[in-house]
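Secondary and tertiary structure notes
Each chain, written out:
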Amino acid sequence: AQSVTQPDIHITVSEGASLELRCNYSYGATPYLFWYVQSPGQGLQLLLKYFSGDTLVQGIKGFEAEFKRSQSSFNLRKPSVHWSDAAEYFCAVGARLQGAQKLVFGQGTRLTINP
Amino acid sequence: DGGITQSPKYLFRKEGQNVTLSCEQNLNHDAMYWYRQDPGQGLRLIYYSQIVNDFQKGDIAEGYSVSREKKESFPLTVTSAQKNPTAFYLCASRVVFTGANVLTFGAGSRLTVL
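Conventions we followed
- Residues numbered from 1 in each chain as written.
- Chains lettered and ligands numbered in written order.
- Predicted model: local features only at pLDDT ≥ 70, side-chain atom pairs only at ≥ 80, totals over all residues.
- Heavy atoms only, no water.
- Helix = DSSP H or I, 4+ residues; strand = E, 2+ residues; numbered from the N terminus.
- Rg over C-alpha atoms; globule rule 2.2 N^0.38 Å.
- Contact = heavy atoms within 4.5 Å.
- Areas by Shrake-Rupley, 256 points an atom, 1.4 Å probe, with all protein chains shown as cover.
- Lys, Arg positive; Asp, Glu negative; His and termini not counted.
- Charge placed at Lys NZ, Arg CZ, Asp CG, Glu CD.
- Disulfide = S-S within 2.5 Å.
- Buried < 20%, exposed > 50% of the residue type's maximum accessible area, 1.4 Å probe, protein only.

**So, the overall build of chain A**
- A count of helices and strands for chain A gives 0 helices and 12 strands.
- Mapped in sequence order, the helices and strands of chain A form the string β-β-β-β-β-β-β-β-β-β-β-β.
- For a compact globule of 115 residues, the expected C-alpha radius of gyration is about 13 Å, and chain A comes in at 14 Å, within 12% of that figure.
- Counting only C-alpha atoms, chain A reaches 45 × 30 × 20 Å along its principal axes.
- In chain A, once contacts between residues fewer than 6 apart in sequence are set aside, the share between residues at least 24 apart is 53%.
- Accessible surface, chain A as shown: approximately 5400 Å² in total, 47% of it carbon and sulfur.
- The positive charge centre, built from 10 side chains, and the negative charge centre, built from 8, are 8 Å apart in chain A.

**Notes on the state of the cysteines**
All names here are of chain A.
- Within this structure, the stated rule accounts for 2 disulfides over all chains.
- Between C23 and C91 runs a disulfide, and the two sulfur atoms are separated by 2.0 Å. Since a negative S-S torsion denotes a left-handed disulfide, the C23-C91 link at about -65° is left-handed. One end of the pair, C23, is in the loop between strand 3 (19-21) and strand 4 (24-26); the other, C91, is in strand 10 (residues 87-97), with 68 residues separating them in the sequence. The pair C23 / C91 is uniform in exposure class, with both members buried.

Structure representation (structure tokens):
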């Protein structure tokens, strides 16, 4: 079965520091991979997606992610975080269920920014 | 602006009552989804619908029901059979890029059972 693991439940970084959020997936075929961000009490916003091609993908708000097939990973990075990046981040893999596409989500990583 | 509207934002329910959460989209998307979010558990799929008048159970459908009478609307009913209904509920719809899902989410509805 498809699954996504985000090993870090909570990460704290200082404003201006670099950030890397880890994501590992399990899926038999070539995966479709996503990162979403959620502010408290809000819905999820798509940061970036990987379907094929270049393994380094750029997203909104200065985020990027790298797909590494050999490690089954899709880690999210940002060179310098801003206080407004404090939120919860979800990695997801696109899977096929009963002939339809669905997303399987990781448990999320909550990001706190120290001033 | 196109998007997904969920209502109400907050809802309180007494034990034994059914409640219905509304989800409306004006994105002309064919597929719609309901997810449940609990702290530390990510999002779990309740039901999804790919076309009007058709829907399928997700991973945690017990105690929930849905309907899809119109393309724009996908309401979720939380029945009294749902033993632990307090949660944050998210509705989403799908646009397809090269065969893959890209979900657009609503702002969510928080249900609290008193």
